[in-house]
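# Chains, contacts and geometry: an overview
Here is what each chain is made of, one letter per residue.
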Amino acid sequence: MTTLRNILVVFILCTFNLGASVTFAQKVNFLDGYWFSEEYQYGFKIEGAEGIAVVTNSPNYSPGQVMLRFTSNKDGDFVGQQIFTDGNWRNISGKIVNENTIELEGGGYVWKMVRR
C-alpha cells in the first residue's frame, strides 16, 4: 500500500510540475494535513481550502482559528489569504515544492512550510 501511495504522490507531483489540468479540489486534497514553519514557529492543519491554526506565534490568533484560506489556483500554485502576526489578513501565494514542502509568499516574506 505504501508503494502505491508513493507512486501516486510522484504522479501528482509530476502532474503539478508539468502544469497539467488538475482541479482545485485535487490540489487542495493533496495539501490536507499538518504544516509547520520552523523559521516562524507556527503551524496549521489544512482541511479542504482552509488552514486551522495548531501552533501560533502571535497573540492575535489562537489554535483552532481559521488562519489560512485558499481562493483560487493556477498551474499547480495557489493563492489566498493568511492571518499574519499582527492579526491582519494578507494576500499570499504558494507553490508545492515537493510532497512534504510548500513555499508561501506574502507581506514581503517568503517561507517554507513542512508537512508533519
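Within any chain, residue numbers begin from 1 and follow the written order of that chain's sequence. Since the coordinates come from a predicted model, pLDDT governs what is reported: local features require at least 70, and pairs of side-chain atoms require 80 or more to be given and counted, while whole-chain, interface and lining totals use all residues. Think of the side-chain values as coming from all heavy atoms in the structure, minus any hydrogens and water.

### A look at the pairing of strand β2 (residues 42-47)
The two faces of a sheet get side chains in turn, since along a regular strand they alternate between them. Short version of the rule: We treat two strands as partners when DSSP finds at least two bridges between them. Runs of H or I in DSSP of at least four residues are treated as helices and runs of E of at least two as strands, each being numbered from the N terminus.
Bridging between strand β1 (residues 33-37) and β2 involves five bridges; their strand directions are antiparallel. The residue bridging Trp 35 from the neighbouring strand is Phe 44, located in β2. Hairpin connection, β1 to β2: the antiparallel pair is bridged by four residues, and Gln 41 has positive phi, about 55°. The pairing of β2 with strand β3 (residues 50-55) spans five bridges and is classified as antiparallel. Its bridge partner being in β3, Phe 44 is matched across the sheet by Ala 53. In this structure, the hairpin formed by β2 and β3 is closed by a connection of two residues, where Gly 48 is found at a positive phi of approximately 65°.

### Details of the side chain of Ser 58
Using the following cut-off: Three labels apply to residues, based on accessible area from a 1.4 Å probe with only protein chains included: buried if under 20% of the type maximum, exposed if over 50%, partly exposed otherwise in between.
Inspection of the secondary structure puts Ser 58 in the loop between β3 and β4 (66-74). With a relative accessible area of 7%, Ser 58 lands in the buried category.

### A short note on the layout of surface pockets
One way to see where empty space is left: roll a probe the size of a water molecule over the atoms. To keep things clear, this is the line we draw: A pocket, in this scheme, is an open set of points on a 1 Å grid over the protein atoms alone with protein on both sides within 12 Å along at least 5 of 7 lines, while a cavity is a set where a 1.4 Å probe fits but cannot get out; residues line either one if an atom lies within 4 Å of a point. Grid points are joined across faces, edges and corners, and a volume is the space filled by probe spheres set on the points. Charged means Asp, Glu, Lys or Arg here, nonpolar means Ala, Val, Leu, Ile, Met, Phe, Trp, Tyr, Cys or Pro, and polar covers whatever is left, Gly included.
Within this model, the largest pocket holds a volume of roughly 210 Å³. Lining the largest pocket are 13 residues, with Tyr 40, Asn 57, Phe 84, Thr 85 and Tyr 109 positioned closest to its centre. Put simply, the parts of the chain that give the lining of the largest pocket at least two residues each are β5 (77-83) and β8 (109-115). Each residue belonging to the lining of the largest pocket can be placed in one class, and the counts come to eight nonpolar, three polar and two charged.

### Re the pattern of salt bridges
Cut-off, in case you're wondering: Salt bridges are counted wherever a side-chain nitrogen of Lys or Arg sits within 4 Å of a carboxyl oxygen of Asp or Glu.
Within this structure, the stated rule accounts for five salt bridges. Between Glu 103 and Lys 112 there is a salt bridge, with its nearest N and O atoms 3.1 Å apart. Look at the salt bridges and you will find they share partners, linking Lys 95, Glu 103 and Lys 112 into a network.

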